[in-house]
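# Residue-level structural notes
Letter by letter, the chains look like this.
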There are 2 protein chains.
Amino acid sequence: MSEHVTICEVGPRDGLQIAKTRMTTEDKVAWIYSLAAAGIPEIEVGSFVPPRVIPQLADTPDIVAQLMGKPPKWTVQVLAPNLRGVQNAYNAGVDKIAIPVSVSEGHSMANLNRTPAQSIVMMREIMDWLKAQPRKVPLIAGASTAFGCSIDGVVTTKQAVALCKGLADAGVDEIMLADTVGYAHPAQIKEVVKATRDEIGPVLHGLHLHDTCGLGIANALAGLEVGIRAFDSCLAGLGGCPYAPGASGNVVTEDLVFMLESMGFSTGIDIEKLFAARAMLHAGLPAEPLSGQLPKAGIPPTFRKAA
Amino acid sequence: MSEHVTICEVGPRDGLQIAKTRMTTEDKVAWIYSLAAAGIPEIEVGSFVPPRVIPQLADTPDIVAQLMGKPPKWTVQVLAPNLRGVQNAYNAGVDKIAIPVSVSEGHSMANLNRTPAQSIVMMREIMDWLKAQPRKVPLIAGASTAFGCSIDGVVTTKQAVALCKGLADAGVDEIMLADTVGYAHPAQIKEVVKATRDEIGPVLHGLHLHDTCGLGIANALAGLEVGIRAFDSCLAGLGGCPYAPGASGNVVTEDLVFMLESMGFSTGIDIEKLFAARAMLHAGLPAEPLSGQLPKAGIPPTFRKAA
């Protein structure tokens, strides 16, 4: 049996948060269902941030409410910036909550208005609150700017490992190392993954990669080669970060899934159905440029059919 | 000292052969000099094919003549399809000659109008002729469709190795394994490279990759990891193959060099000067779409300055 790799589609959150035009709530929900129908096991459907901060995601509570009748096969994940966001997400009934924390001081202040050390303190409070609730909702921390920062520049492996250690000690369930601005290169990916895993073990869950400098897929390959089996990605390579100047789109789901399946990993995702979800995205956001090579070329005739 | 990786820029040949508009000879020569000024050590400047076959490259003899006064620091390579082309290239004074040979029967007939077996026979005649000449001009064979074919579909590792063995036995100096249509994936790259090297040793020189399905840079990484230290690439990801339906651009020089230099390999190439060569390409071919992520994002502040 082929080894499984888990894709978390972050397009409805990371992708839409900087889209120039708005997608209607109805279109978003239909798009999310089309992503789930393609077999994506985890979808980050929005963010419990105040509407004034990211107006594009103001309808997240509404979206989550509409998804509550979905089959249990796939996970509804949302982002939350703080304890209040976590409480709102929990009460809305989501399956999993992601919290962004920055490794670099500059991005942390710009994006979250707190230092990395203050984020760790906050995370302990959040975990205390979550553990006191009757329902178990896993919390995944995203270690942003783990490979470099457009504000602070170089981020050392030591800095990334130290933040992840603090998060693991605070009791988070999973950690994603995030190349928020897309400065990472493959050798660095391997170094930081190995150093982090040496420190915190399997709490290191996966990688969140951007394709700013064209190395997104190569960085995913580097991660795979050092044992990473979970990736965030965005359909059509949408995304960026409003508080990270120069950041461009996420690694493209279509191209990433094609690489994984071609190499014999199993993602559970049907690429033809991903193309259908892409068409739905385009219909809902016609002015947004869509990235990705595979969708332009089509699936090669040599591509093995998933078992 | 950092390990060297050799880039051969094939834009003036592979890139321009399917460009929709024409670049003047004067602009081509200026562009080639700008590529050399960026530190690219080998440049494929054109093709000695009959002008009616590829009219975009009809001025190759003129370009080569104009380059004869260049400093010896960089290599003028041209493509030649057969013995007559090799003779013309040799007599024009080029430094190195590349000959395309196809692994798959379908691409071989469509592109070269001969079978792979007939290509090997031809290659023996070419090597006999070349060895009888007073000047040593290295011959590099490109093993096209080594990882898949848009006409024949799957190409097996065994097929690729068998062709390379025939080429090595014929006495060619170097062989490039070419993913002409961009169907390869990283695990396949490693498998074919290793199997080929087991059979022919260091005559296997490098990889010629396309980015059709978005895996070009990841495939380069896979090649690097199994010891490949030479790559063809195209500035701005130009290129394709007129006889391979569905093939899209070559791996992008700018992004590839960025990955290599970031990982600590030395290419001798100055990325800022590559951007200048890109601007010159755009001036000469304003209607041609240019690919590449790094040129859009700019060089990250974390990028180490080459020693």
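Residues numbered from 1 in each chain as written. Chains lettered and ligands numbered in written order. Predicted model: local features only at pLDDT ≥ 70, side-chain atom pairs only at ≥ 80, totals over all residues.

### Comments concerning the overall build of chain A
Within chain A, the secondary structure is distributed over twelve helices and eight strands. Scaling as 2.2 N^0.38, a compact globule of 307 residues should have a C-alpha radius of gyration of about 19 Å, and chain A matches this with 18 Å. Reported as C-alpha extents along the three principal axes, the dimensions of chain A are approximately 50 × 40 × 40 Å. Taking all 307 residues of chain A together, the buried fraction comes to 57%. (Helix = DSSP H or I, 4+ residues; strand = E, 2+ residues; numbered from the N terminus. Rg over C-alpha atoms; globule rule 2.2 N^0.38 Å. Buried ≥ 20, exposed ≤ 12 C-beta atoms within 10 Å, placed from the backbone.)

### Some words on the interface of chain A and chain B
Each partner contributes to the interface: chain A provides 32 residues, whereas chain B provides 32 residues. Those elements that provide at least two residues to the side of chain A that touches chain B are α8 (186–200), α9 (216–225), α10 (253–262) and α12 (294–297) of chain A. A class-by-class count of the residues in the side of chain A that touches chain B yields 18 nonpolar, twelve polar and two charged. (Contact = placed C-beta atoms within 7 Å. Nonpolar A, V, L, I, M, F, W, Y, C, P; charged D, E, K, R; others polar.)

### Let's talk about the relation of the copies chain A and chain B
Taken as rigid bodies, chain A and chain B are interconverted by a rotation of 180 degrees and an axial shift of 0.0 Å, the fit giving an RMSD of 0.0 Å. Within this description, the copies of the chain are treated as partners about a two-fold rotation axis. Judged by C-alpha distance, A218(A) is the residue of chain A that lies nearest the rotation axis, at 2.0 Å. (Least-squares fit on C-alpha atoms with pLDDT ≥ 70 in both.)

### Section: the sheet that holds strand β8 (residues 230–233) of chain B
All names here are of chain B. The strand order around the closed barrel built from eight strands is β1-β2-β3-β4-β5-β6-β7-β8, with neighbouring strands paired in parallel fashion. Going from strand to strand, the sheet's axes swing by 30 degrees on average, the running direction of each strand aside. Relative to strand β2 (residues 42–47), strand β1 (residues 6–9) is paired through two bridges, and the arrangement is parallel. Considered in β2, the bridge of E9 is made with I43. Of the strands in this sheet, β4 (96–102) and β5 (139–144) are in contact with helix α5 (residues 105–112), which crosses β4 at around 125 degrees. (Pairing = 2+ DSSP bridges. Axes fitted to C-alpha atoms, helices over the stretch in contact; angles between N-to-C directions.)

### Here we look at the environment of Q56(A)
Residue and element names in this part refer to chain A. Note that Q56 resides in the loop between β2 (42–47) and α3 (60–67). Note: C-alpha distance between Q56 and L16 (40 residues apart in sequence) is 6.7 Å. Beyond its immediate sequence surroundings of up to four residues, Q56 is in contact with L16, Q17, A19 and R22.

### Remarks on the environment of Q77(A)
All names here are of chain A. Structurally, Q77 is set in strand β3 (residues 75–79). Note on Q77: 25 C-beta atoms within 10 Å, which makes it buried. For the pair Q77 and F147, spaced 70 residues apart in sequence, the C-alpha to C-alpha distance is 24 Å. Among all residues touching Q77, those that are not within four sequence positions of it are C8, E42, I43, E44, V45, V94, D95, K96 and A98.

### As for the sheet that holds strand β8 (residues 230–233) of chain A
Residue and element names in this part refer to chain A. Spatially, the eight strands close up into a barrel ordered β1-β2-β3-β4-β5-β6-β7-β8, and their pairing is parallel. Across the sheet, the mean angle separating the axes of adjacent strands is 30 degrees when strand polarity is ignored. The pairing of strand β6 (residues 174–178) with strand β7 (residues 204–208) spans four bridges and is parallel. Residue pairing in the sheet places I175 in a bridge with L204 of β7. Against the sheet, helix α6 (residues 116–131) engages β4 (96–102) and β5 (139–144), with an angle of about 165 degrees to β4.

### Remarks on the packing of α6(A) against helix α7 (residues 157–170) of chain A
All names here are of chain A. Where α6 meets α7, the axes come as close as 9 Å, and the angle between the chain directions of the two elements is 20 degrees. Judged by the inter-axis angle, α6 sits roughly parallel to α7. Between α6 and α7 lies a crossing of right-handed hand. On the side of α6, the interface is formed by P116, I120, M123, R124 and M127, while α7 contributes L163, G166, L167 and A170. Here the residues of the contact of α6 with α7 sort into seven nonpolar, one polar and one charged. (Parallel < 35°, antiparallel > 145°, perpendicular 65-115°, else oblique. Left-handed = near helix turned anticlockwise from the far one by under 90°.)

### Some details on the pairing of β8(B)
Residue and element names in this part refer to chain B. Alternating positions in β8 separate into two faces, A230 and D232 on one and F231 and S233 on the other, with burial throughout. As paired elements, β1 and β8 share four bridges and run parallel to each other. The residue bridging T6 from the neighbouring strand is A230, located in β8. Relative to β8, strand β7 (residues 204–208) is paired through two bridges, and the arrangement is parallel. By the bridge assignment, L207 is partnered in β8 with F231. On the question of chirality, the crossover connecting β7 to the parallel β8 by way of helix α9 (residues 216–225) is right-handed. (Right-handed = clockwise from strand over helix to strand, strands pointing away.)

### What to know about helix α2 (residues 25–37) of chain A
Between its first and last C-alpha atoms α2(A) spans 18 Å; for 13 residues at 1.5 Å apiece the expected length is 18 Å, and the two agree. One or two positions beyond α2(A), positive phi appears at G39(A), with a value near 100 degrees. (Expected span 1.5 Å × (residues − 1).)

### Concerning unusual backbone geometry
All names here are of chain A. If you check the backbone angles, T145 has positive phi at about 50 degrees while not being a glycine. Tracing the sequence through the fold places T145 in the loop between β5 and α7. Its identity is not glycine, yet A236 carries a phi of approximately 65 degrees, on the positive side. Mapped onto the secondary structure, A236 falls in the loop between β8 and α10.

### Brief notes about the nonpolar core
Membership of the largest hydrophobic core comes to 196 residues, with the highest contact counts inside it found for A143(A) and A143(B). With sequence-adjacent residues up to four places away left out, A143(B) is seen in contact with V101(B), V103(B), A160(B), L163(B), C164(B), L167(B), I175(B), M176(B), L177(B) and A178(B). (Core = buried A, V, L, I, M, F, W, Y, C linked by C-beta atoms within 7 Å.)

### Some points on the environment of P55(B)
Residue and element names in this part refer to chain B. Here P55 is to be found in the loop between β2 and α3 (60–67). Look at P55 and you get exposed, because 12 C-beta atoms sit within 10 Å. For the pair P55 and P72, spaced 17 residues apart in the sequence, the C-alpha separation amounts to 29 Å.

### Considerations on helix α6 (residues 116–131) of chain B
Residue and element names in this part refer to chain B. Here α6 spans 22 Å end to end across 16 residues, near enough to the 22 Å set by a 1.5 Å rise per residue. For α6, the set of buried residues is P116, S119, M123, I126 and L130. Seen along its axis, α6 keeps its buried residues to an arc of 65 degrees; they face one direction. Looking at the packing, one finds that the buried side of α6 touches α4 (83–92), β4, α5, β5 and α7 (157–169). (Arc of directions from axis to C-beta.)

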